[in-house]
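Chain by chain, the residues:
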Amino acid sequence: MFRILSAFRRLNSFQIIVLGFAFVILLGAGILMLPVSSADGSWTPFVNALFTSVTSVCVTGLVVCDTGTYWSSFGHAVILLLIQTGGLGVVTISASFTILSGKKIGLSQRSIMAESVAAPQLSGVVRLTGFIVRVTLGIELIGALLMAPVFCRDFGLFRGLWMSLFHSVSAFCNAGIDLLGVRGAYSSLTSYAYDPLINLVIILLIVIGGIGFLTWDDIYRNRHHISRYRMQSKVILSYSLALIFIPAILFFFLEFQDIPAGKRILVSLFQSVTTRTAGFNTADLSSMRESGQFLMILLMLVGGSPGSTAGGIKTTTLAVLISCATAVFARKDSPEMFKRRIIPDIVATAIAILFMYTSLGILCAMTLSILESLPLMPCLFEAFSALATVGLSFGITPTLSVPSKLILIAFMFIGRVGGLTIIYATMSGYKIQCGKFPQEKISVG
């Protein structure tokens, strides 16, 4: 598929990425419609199959059919492959097969690969792609082995191993799709809310999958020499830690008061981590205070880091916006992070991304509220969960009408592929300005 898409010379890298995801989604939907994919052997309506394919490839986790009970073993395998493809990226998967076949990768193909993993340059992108695939498969296997004792105890040897592998891949890819509907429809990991092993392994998989491929590469090549890390890696690691522990502390003191303190630590930490695009949950989110729910919406909006399996506006976008605000407050000429100045173009892009995601999320929520006659808060939660490819839900997704499902499908696709990628894919190219208008001040604030 990688060679087929790249054969269209008139397509730019953004268009190829968008078409690649669309192709895999439609293929997955076609397979999931078949009777062999459902547990009862019936045909699945196209909208439900499409929704499931989109939520899998876009590693979101919102579902209209309980994954564990509705789909057959074959359907589960298809969903797992879609999650893995969506997590690594369609281009990365396609490029990996090209590399394994021994075929030469041209300059245009390298450009597409670099764009898909957010690599800063073409040099070394083939090596980086191989590193990404090896590390991904290795970490997923380790995660499965660590969880195997618990799942094998509860489901038997072979099914336990399958459950371990499925949830390891789903957690690492930040998909949040689970097979635990056998414990209760749409129950996610609530039956393991107080299990330290399952919680900690899932948390680690989510965090590792969400910090980004380039950050892995930095850690692998420079080990404990943090001073040698790229500025981006330093920003990602510092902001990721802050976004894990600060919300966890807030959740501990403001929510889950009926849970004993020791168990509340585990529950609070898990909700803090999973909110940033993972989609699993170990608590009843609809019973939380609106302040806690709104905090989760903000965390969903931020999401993970560039070049990762996560969605959202990304931690680096938040970091740029905060540094920009700090520079304004301190009356500095330009924002700075880790003794480096931020390029003005990056600041403008960060502002555009924040505006685009918040506007789209609010628009989606208002539309859902009008179409379904629902309160705005659950619609906001569902909208930002789809747009940021999180998958957390108040449970309203399965009850939505077809138009509302199609809206969420569109927003999940936008969230995974990237709003800017879709915009750039529809544009003919860069516009060179031969002249510029004169500057003039305008009062703000």
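All residue numbers here refer to positions counted from 1 along the written sequence of the relevant chain. Thresholds applied to this predicted model are a pLDDT of at least 70 for local features of residues and 80 or more for the giving and counting of side-chain atom pairs; totals over whole chains, interfaces and linings are not thresholded and use all residues. The basis for every side-chain value is the complete set of heavy atoms in the structure, and neither hydrogens nor water enter the calculation.

## Digging into unusual backbone geometry
Using the following cut-off: Secondary structure is summarised from DSSP: a helix means a run of H or I of at least four residues, a strand means a run of E of at least two, and numbering begins at the N terminus for each. We call a residue buried when its accessible area falls under 20% of the maximum for its residue type, exposed when it is over 50%, and partly exposed in between, using a 1.4 Å probe and counting protein chains only.
At Phe-256, a position not held by glycine, the phi torsion is positive, near 55°. Relative to the helices and strands, Phe-256 is located in the loop between α12 (231-254) and α13 (261-274). Among the residues examined, Phe-256 registers a relative accessible area of 9% and is labelled buried. One non-glycine residue, Thr-389, adopts positive backbone phi at about 50°. Turning to its location among the elements, Thr-389 is positioned in the loop between α17 (376-387) and α18 (402-417). Judged by relative accessible area, Thr-389 falls into the buried class, the value being 1%.

## Here's the deal with the layout of surface pockets
The test is simple: Here the term cavity refers to a set of points on a 1 Å grid, laid over the protein atoms alone, in which a 1.4 Å probe fits but cannot get out; the term pocket refers to an open set having protein on both sides within 12 Å along at least five of seven lines, with lining residues being those that place an atom within 4 Å of a point. Grid points are joined across faces, edges and corners, and a volume is the space filled by probe spheres set on the points. In this classification, Asp, Glu, Lys and Arg are treated as charged, Ala, Val, Leu, Ile, Met, Phe, Trp, Tyr, Cys and Pro as nonpolar, and every other residue, Gly included, as polar.
Taken as a whole, the second largest pocket holds about 420 Å³ of empty space. Considered class by class, the residues forming the lining of the second largest pocket number 10 nonpolar, 13 polar and three charged.

## What to know about the packing of aromatic side chains
Two descriptors summarise a pair of aromatic rings, namely the distance from one centre to the other and the angle between the planes of the rings. Short version of the rule: In summary, the pairing rule links any two rings of Phe, Tyr or Trp, Trp by its six-membered ring, whose centres are within 6.5 Å, and it sorts them by plane angle into stacked for under 30 degrees, edge-to-face for over 60 and tilted for everything else. By definition, being over a ring means that NZ of Lys or CZ of Arg is both within 6 Å of the ring centre and within 35 degrees of the ring normal.
Tallying each qualifying case throughout the model produces 10 aromatic pairs. Aromatic side chains Tyr-70 and Trp-71 sit 4.7 Å apart centroid to centroid with 80° between the ring planes, which places their arrangement in the edge-to-face category. Site record: aromatic cluster; members linked through ring pairs are Phe-151, Phe-155 and Tyr-192. Across the ring face of Tyr-220, the terminal group of Arg-223 is positioned such that the distance to the ring centre comes to 5.0 Å. Against the face of Phe-252 rests Arg-264, its NZ or CZ located 4.6 Å from the ring centre.

## What to know about empty space enclosed by the protein
Taken as a whole and judged by the stated rule, the model has two cavities of 30 Å³ or more. Of the volumes computed, that of the largest cavity is approximately 90 Å³. Contributing to the lining of the largest cavity are 13 residues, with Ile-206, Val-207, Gly-210, Arg-276 and Gly-304 lying nearest its centre. Ranked by residue count, the leading element in the lining of the largest cavity is helix α10 (residues 196-210), at three residues.

## Remarks on the nonpolar core
Note the threshold: Buried Ala, Val, Leu, Ile, Met, Phe, Trp, Tyr and Cys residues that are joined via side-chain atoms within 4.5 Å together make up what is termed a nonpolar core. Any two residues whose heavy atoms approach within 4.5 Å are treated as being in contact.
Residues Ile-83, Phe-151, Ile-202, Phe-381, Leu-408 and Met-412 are the most contacted members of the largest nonpolar core, which totals 115 residues. Ignoring sequence-local partners within four residues, the contact set of Leu-408 consists of Phe-51, Leu-62, Cys-364, Leu-368, Glu-382, Ala-386, Thr-397 and Leu-400.

## Observations regarding the pattern of salt bridges
Stated formally: What counts as a salt bridge is simple: a side-chain nitrogen of Lys or Arg found within 4 Å of a carboxyl oxygen of Asp or Glu.
The final tally for this structure, using the stated rule, is six salt bridges. Of the charged contacts in the structure, one is a salt bridge between Arg-230 and Asp-218, with a shortest N-O distance of 3.6 Å. One end of the pair, Arg-230, is in the loop between α11 (213-222) and α12; the other, Asp-218, is in helix α11, with 12 residues separating them in the sequence. Taking relative accessible area as the criterion, Asp-218 reaches 5% and is therefore assigned buried. For the salt bridge of Lys-332 with Glu-336, the shortest nitrogen-to-oxygen distance reads 3.7 Å. With a relative accessible area of 42%, Glu-336 lands in the partly exposed category. Three or more residues are tied together by salt bridges with common partners; here these are Asp-217, Asp-218, Arg-221 and Arg-230.

## Looking at the side chain of Thr-136
Residue position: Thr-136 is located in helix α8 (residues 125-155). Residue class for Thr-136 comes out buried when judged on its relative accessible area of 0%. Excluding residues within four positions of it along the chain, Thr-136 makes contact with Gln-84, Leu-88, Phe-172 and Trp-216.

## As for α18
Here is the rule we go by: Here, expected helix span is obtained from the residue count minus one, scaled by 1.5 Å.
Here α18 spans 23 Å end to end across 16 residues, near enough to the 22 Å set by a 1.5 Å rise per residue. The complete set of buried residues in α18 reads Ser-404, Lys-405, Ile-407, Leu-408, Ile-409, Phe-411, Met-412, Phe-413, Gly-415, Arg-416 and Val-417.

## Considerations on the packing of α12 against α13
What counts here: All axes here are fitted lines through C-alpha atoms, helices being fitted over the stretch that makes contact, and every angle between N-to-C directions spans 0 to 180 degrees. The cut-offs work like this: below 35 degrees is roughly parallel, past 145 is roughly antiparallel, 65 to 115 is roughly perpendicular, and the gaps in between are oblique. In this scheme, a crossing is called left-handed if the near helix is turned counterclockwise away from the far one by less than a right angle; it is called right-handed if the turn is clockwise.
Two elements in contact, α12 and α13, have axes whose closest approach is 8 Å; the angle formed by their N-to-C orientations is 135°. As the angle between them shows, α12 and α13 are arranged oblique. Both α12 and α13 take part in a crossing whose hand is right-handed. When α12 is examined against α13, the residues Leu-243, Ile-244, Phe-245, Pro-247, Ala-248, Phe-251 and Phe-252 are found in contact with a partner set consisting of Ala-261, Arg-264, Ile-265, Ser-268, Leu-269, Gln-271, Ser-272 and Val-273. Each residue belonging to the contact of α12 with α13 can be placed in one class, and the counts come to 11 nonpolar, three polar and one charged.

By themselves, these are just geometric observations and shouldn't be taken as functional.
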